[in-house]
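# Tertiary structure, described
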Amino acid sequence: MDLSLTPSQLEIQKMARDFAQKRVAPMAREMDERGEMPVSLAREMGDLGLLGGSLPKTYGGGQWDAVSLALCYEELGRADSSVRGFMTVHTSLVSQCILTWGTEEQKRQYLPKLARGGWIGCYCLTEPNAGSDAASMESTAIEDGDGFVLSGEKIWITNGGFADLAVVFASRDRSARHKGICAFLVETDTPGFQREKMPGKELGHRASDHAHIRFENCRVPRSALLGEAGGGFKVAMSALDYGRLGVAAGAVGVAQACLDACIEFARTRRQFGQRIGDFEMIQSVIADMAADVDAARLLVYRAAWMKDRGQKVTRETSIAKLFATEAAARAASEAVLLHGGRGYSNEYPVERYYRDIKGLQIYEGTSHIQRIVIARDLIGRES
Ligand SMILES: Cc1cc2nc3c(=O)[nH]c(=O)nc-3n(C[C@H](O)[C@H](O)[C@H](O)COP(=O)(O)OP(=O)(O)OC[C@H]3O[C@@H](n4cnc5c(N)ncnc54)[C@H](O)[C@@H]3O)c2cc1C
């Protein structure tokens, strides 16, 4: 077994680390306070090749493997979860989804723009009455002549306020549950596509753009269908296989950032006449955190490596997301405590990690839902 990274993976990791540490980390606190990520940062990511890296060269991509993409998410997650979240939605939920399910015409029309960051994507699945139970969605797609009319609403849509293209899920037959769902590529300037900021002040991911989107008689042509009519649930779930790996890798980055901060603080903060890092209780916290980071990272690499070998990775991806997000939540909680009063203020970044990590445990399937996916895959369904 060879766990080392290839020269090309190391190069991509270095490029992502340089960008994350030099461009993102220094502005993370300010973005969190202001409640937004500058659009120019998205363009910069496009110019660097981060947004299209995983796409084939034919569509303006870099032909990266899944391990390389995971390395990028880890580096961005280490700097800021809002920026990593922006990229995961844009790249893994939208671009990868079009690459997997789109017609040649759809790929040529959208992927080069998405790869450059000239267009931004969002993924519209969650509704007020359909979250974990996505198949119970109430949004409808009524066939009308040579197209469909979309009606309904979506909430919590990351990048939804400024996206140019939305992957939208709606049902053409609600009685058929998941078999009635269709996926569509909707340009956000289509009449009837309405968006506003989500209400309320959010716990974390404060620099992310989260929108409430309404479809009011939003007419799209038949060519906007992504995949087959009635095959939208499969499209949604396959996109989540990509997205969840991105969230898991981002969580490894958060856990690593907590560990980095704790090591630095344990070396410099003195109490009772010595470094707090010389107290065994503090050493125990740091050692457990380091073990969690290593285990989470290995689970992410395993799922990405299997994906690169063309294997089915739904269970391994859910295991990686479950473990990595829970490990990072433990790390963030311990990191705040280890920093004492300083950890309670945004003078130190651990406070932001602690708030942000709850989002990673919730979106793209909560930890409860990951456990269901894992257990069902192991036990199987009764025939
Ligand atoms: C920061 C953020 C960004 C997001 N971005 C997007 C986005 O870009 N696009 C998008 O479509 N959505 C997005 N979401 C929505 C997210 O995917 C949902 O919030 C998530 O799937 C959970 O759905 P819900 O909030 O409706 O909770 P619910 O489904 O109502 O769940 C409530 C609780 O019940 C538990 N639960 C539900 N069913 C079961 C079960 N069968 N067994 C055990 N427990 C269960 C859940 O785990 C949870 O603890 C985002 C959410 C957040 C917080």
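Residues numbered from 1 in each chain as written. Predicted model: local features only at pLDDT ≥ 70, side-chain atom pairs only at ≥ 80, totals over all residues. Heavy atoms only, no water.

## Topic: the pairing of strand S7 (residues 210-221)
As paired strands, strand S3 (residues 147-158) and S7 are joined by 9 bridges and run antiparallel to one another. Each bridged residue has a counterpart across the sheet, and for Gly152 the counterpart in S7 is Phe215. As paired strands, strand S6 (residues 193-197) and S7 are joined by 5 bridges and run antiparallel to one another. In the strand pairing of S7, Arg195 is matched with Ile213. (Pairing = 2+ DSSP bridges. Helix = DSSP H or I, 4+ residues; strand = E, 2+ residues; numbered from the N terminus.)

## With respect to a nonpolar patch on the surface
Nonpolar side chains collect at one region of the surface, where Met1, Leu3 and Leu298 lie side by side and expose about 430 Å² of accessible area between them. Within the fold, Met1 resides in the segment before helix H1 (7-34). (Patch = residues over 30% accessible without salt bridge, like charges linked within 9 Å, V, L, I, M, F, W, Y side chains within 5 Å. Areas by Shrake-Rupley, 256 points an atom, 1.4 Å probe, with all protein chains shown as cover. Salt bridge = Lys/Arg side-chain N within 4 Å of Asp/Glu carboxyl O.)

## Quick look at the layout of surface pockets
Its volume calculated, the largest pocket comes out at about 1600 Å³. If you go around the largest pocket, you meet 48 residues; those closest to its centre are Leu240, Arg244, Glu364, Gly365 and Ile369. Of all the secondary-structure elements, those providing two or more residues to the lining of the largest pocket are helix H4 (81-101), S3, helix H6 (232-268), helix H8 (314-338), helix H9 (350-362) and helix H10 (367-379). For the lining of the largest pocket, the element with the most residues is H6, which contributes 7 residues. Of the residues assigned to the lining of the largest pocket, the class counts are 17 nonpolar, 15 polar and 16 charged. One number sums up the size of the second largest pocket: a volume of about 370 Å³. As for the second largest pocket, its lining consists of 14 residues, of which Asp2, Leu3, Val67, Tyr301 and Trp305 are closest to the centre. Per-element tally for the lining of the second largest pocket: the top contributor is helix H7 (residues 280-308), with 5 residues. Of the residues in the lining of the second largest pocket, the class split is 7 nonpolar, 3 polar and 4 charged. When we break the lining of the second largest pocket down by domain, the ones giving at least three residues each are domain 1 (7-120) and domain 3 (234-379). (1 Å grid on protein atoms, 1.4 Å probe; cavity = no way out; pocket = protein on both sides within 12 Å on 5 of 7 lines; lining within 4 Å. Points joined across faces, edges and corners; volume = space filled by probe spheres on them. Nonpolar A, V, L, I, M, F, W, Y, C, P; charged D, E, K, R; others polar. Domains from an automatic or database assignment.)

## Brief notes about the side chain of Ser171
Mapped onto the elements of the fold, Ser171 is located in strand S4 (residues 165-171). With residues up to four places along the chain from it excluded, the contact list for Ser171 reads Met137, Ser139, Thr140, Ala141, Gly180 and Ile181. (Contact = heavy atoms within 4.5 Å.)

## A word on the pattern of salt bridges
Scanning the entire structure with this criterion turns up 23 salt bridges. The salt bridge partner of Glu75 is Arg78, with a shortest N-O separation of 3.9 Å. Note that Glu75 and Arg78 are positioned in helix H3 (residues 66-79) at a spacing of 3 residues, about one turn of the helix. A salt bridge links Glu143 to Arg172; its shortest N-O distance comes to 3.7 Å. You can see Glu143 sitting in strand S2 (residues 140-144) and its partner Arg172 sitting in the loop between S4 and strand S5 (181-187), a full 29 residues away along the chain. Classification of Glu143 by relative accessible area gives partly exposed; the value is 43%. Since its relative accessible area comes to 39%, Arg172 is described here as partly exposed. Ionic contacts of the salt-bridge type, sharing partners, join the residues Arg17, Glu75, Arg78 and Asp260 into one network. (Buried < 20%, exposed > 50% of the residue type's maximum accessible area, 1.4 Å probe, protein only.)

## A closer look at the domain arrangement of the chain
Split by domain assignment, the chain resolves into domain 1 (7-120), domain 2 (122-231) and domain 3 (234-379). Each of domain 2 and domain 3 has a C-alpha centre, and these two points are 30 Å apart. Contacts between domain 2 and domain 3 engage 11 residues on the former and 12 residues on the latter. Summed over both partners, the interface of domain 2 with domain 3 buries about 940 Å², with 68% contributed by carbon and sulfur atoms. Here domain 2 is connected to domain 3 by 0 salt bridges. Of the residues belonging to the side of domain 2 that touches domain 3, the class tally is 6 nonpolar, 4 polar and 1 charged. (Buried area = accessible area lost by both parts, 1.4 Å probe.)

## A few points about the side chain of Glu202
Along the chain, the position of Glu202 falls in the loop between S6 and S7. No salt bridge is formed by the buried Glu202; its nearest oppositely charged neighbour, Lys197, is found at 5.0 Å. Within the local environment of Glu202, its side chain forms a polar contact with the side chain of His210, the two groups lying 2.6 Å apart. What Glu202 contacts, discounting residues up to four positions off in sequence, is Trp156 and His210. (Lys, Arg positive; Asp, Glu negative; His and termini not counted. Polar contact = N/O pair within 3.5 Å; in protein donor to acceptor, adjacent residues only side chain to side chain.)

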